[in-house]
Amino acid sequence: MFARYRKLDMFGKRGAMSPNGRFVGGYAASVAPDDSWQYSPVITDLETGEVYEFGPYPEAIHFLTQTMCISDHGVLFIKDGYNGGTVAFDTEGNITEPRSPEGYKGKPTIEATSSDGKYWVGYANDDILSEGGLTRPLLWTDGIPAELPFPDKNFRNEDFRVGIMARGISANGEIIYGTSWENSDFGMLYWKNDGANIEKPQWVGKDVRETATVRMSNNGIEYDYTCVNGIICQAWNTQVSSSGKWIAGRYRKEFDPATEQPITQENYAAFYNTETEKTVIVEDYGESGGQFVTDDGIAFIGIGTFGVSTGRVYDLNTGIDLGSTQEWVYNNYGIIIPYGYINYITADGSVMLGTSAQESAMGISFIKWYIAPPLEK
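**Things to note about helix H1 (residues 325-333)**
Of all the positions in H1, only Thr325, Gln326, Trp328, Val329 and Tyr333 are classed as buried. Buried residues in H1, looked at end-on, bunch into an arc of 165°, giving them a common side. Positive backbone phi, at 70°, marks glycine 334, one or two positions downstream of H1.

**Observations regarding the pairing of strand S9 (residues 86-89)**
Here S9 shows no split at all, with Thr86 and Ala88 on one side and Val87 and Phe89 on the other all buried. Where strand S8 (residues 76-80) and S9 come together, four bridges link them in antiparallel fashion. Across the sheet, residue leucine 76 finds its bridge partner in S9, namely phenylalanine 89. In this structure, the hairpin formed by S8 and S9 is closed by a connection of five residues, where glycine 84 is found at a positive phi of approximately 85°. When S9 meets strand S10 (residues 95-96), the two strands line up antiparallel, connected through two bridges. The residue of S10 that forms the bridge with phenylalanine 89 is isoleucine 95.

**Focus: the pattern of salt bridges**
For the coordinates displayed, the defined rule picks out 16 salt bridges. Notably, a salt bridge pairs arginine 22 with aspartate 45, separated by 2.7 Å at the nearest N-O pair. Here the residue arginine 22 occupies a position in the loop between strand S2 (16-17) and strand S3 (23-31), and aspartate 45 occupies one in strand S4 (residues 37-45), the gap between them amounting to 23 residues. Notably, a salt bridge pairs glutamate 158 with arginine 161, separated by 3.0 Å at the nearest N-O pair. The class of glutamate 158 is partly exposed, set by a relative accessible area of 26%. Three or more residues joined by partner-sharing salt bridges are found here, namely Arg156, Asp185, Arg252 and Glu254.

**Thoughts on the environment of threonine 325**
Inspection of the secondary structure puts threonine 325 in helix H1. With 275 residues separating them in the primary sequence, threonine 325 and glutamate 50 have C-alpha atoms 29 Å apart. If we skip the residues at most four places from it in the chain, threonine 325 touches Gly311, Arg312, Val313, Ile337, Gly340, Tyr341 and Ile342.

Cut-off values and rules
Residues numbered from 1 in each chain as written. Predicted model: local features only at pLDDT ≥ 70, side-chain atom pairs only at ≥ 80, totals over all residues. Heavy atoms only, no water. Buried < 20%, exposed > 50% of the residue type's maximum accessible area, 1.4 Å probe, protein only. Helix = DSSP H or I, 4+ residues; strand = E, 2+ residues; numbered from the N terminus. Arc of directions from axis to C-beta. Pairing = 2+ DSSP bridges. Salt bridge = Lys/Arg side-chain N within 4 Å of Asp/Glu carboxyl O. Contact = heavy atoms within 4.5 Å.

Quick look at the structure:
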């Protein structure tokens, strides 16, 4: 049966796909009669083709700025860039605002959900930053928020000054990953969730992580600085395979281990196996980053580190290049797609979400697209 390829260019910012590929969602922006913006959340059922559209809501009520994620029950999470926090919309038109733990002053951001929607992950500020508060990673279980534990030190072996954000969760809810957000750190760490107590996180790629303290100078002032060769992650929320066996990221090299001196940064796609606790660094493509990886070790790589518009597919088990994103999709799905890279593939491989660059009158924009099976009759 011939699969469907559809662009999500109607959505502002980006679209999101649920973990099992049942739903995609986002929002459309339009201009209200008073020339202000208004927003319409849109949820599409990929099995039936049914589209749920709500609103439009005035920006004074819901100033929607970024689609975050959607669960397999069709609950869509969108960030409110003006009022703060995240707003959740479901297919019946219900609207809810997830809450932070008691005592927090900041509204939370939801980044990702497990397949069944039992778990959400994200972050919130525990207090006003100027008063010494931190951004803390959070896990919601059945809508109830709780803090995730911190490591003893941050990515550069220092005390935390800003905090950590939980970024993604495996479809089964067993592996959560996040980022240390201390200025330019972006150090990637992960937690194991057994449904009970969650232990301190570990650094993704801990087997290849190295540190060196070097003497730096700025405007005549000398100071010690810790360089790290390790795996980083920025605002990426689809970096983990369905079971949590693999995590995709970017290996950033800041110093030469032989001399312990800083170097011009090098960045390579990297993939960490949470079962063996071993990392595979792929240097074949030069500057690159790991975008996604399947449970069976098929890795999807974005070429470059800024404005990524092309991708490659790589077998971590054999070390064999499987071609460009377009070649791999054509060979496996029989569909010709534009240049781009893959963000996510469901566990059964039937549905995928990708990103491509698209030219417009405003310049280059990046849109989401999906491939899914034929509609049910």
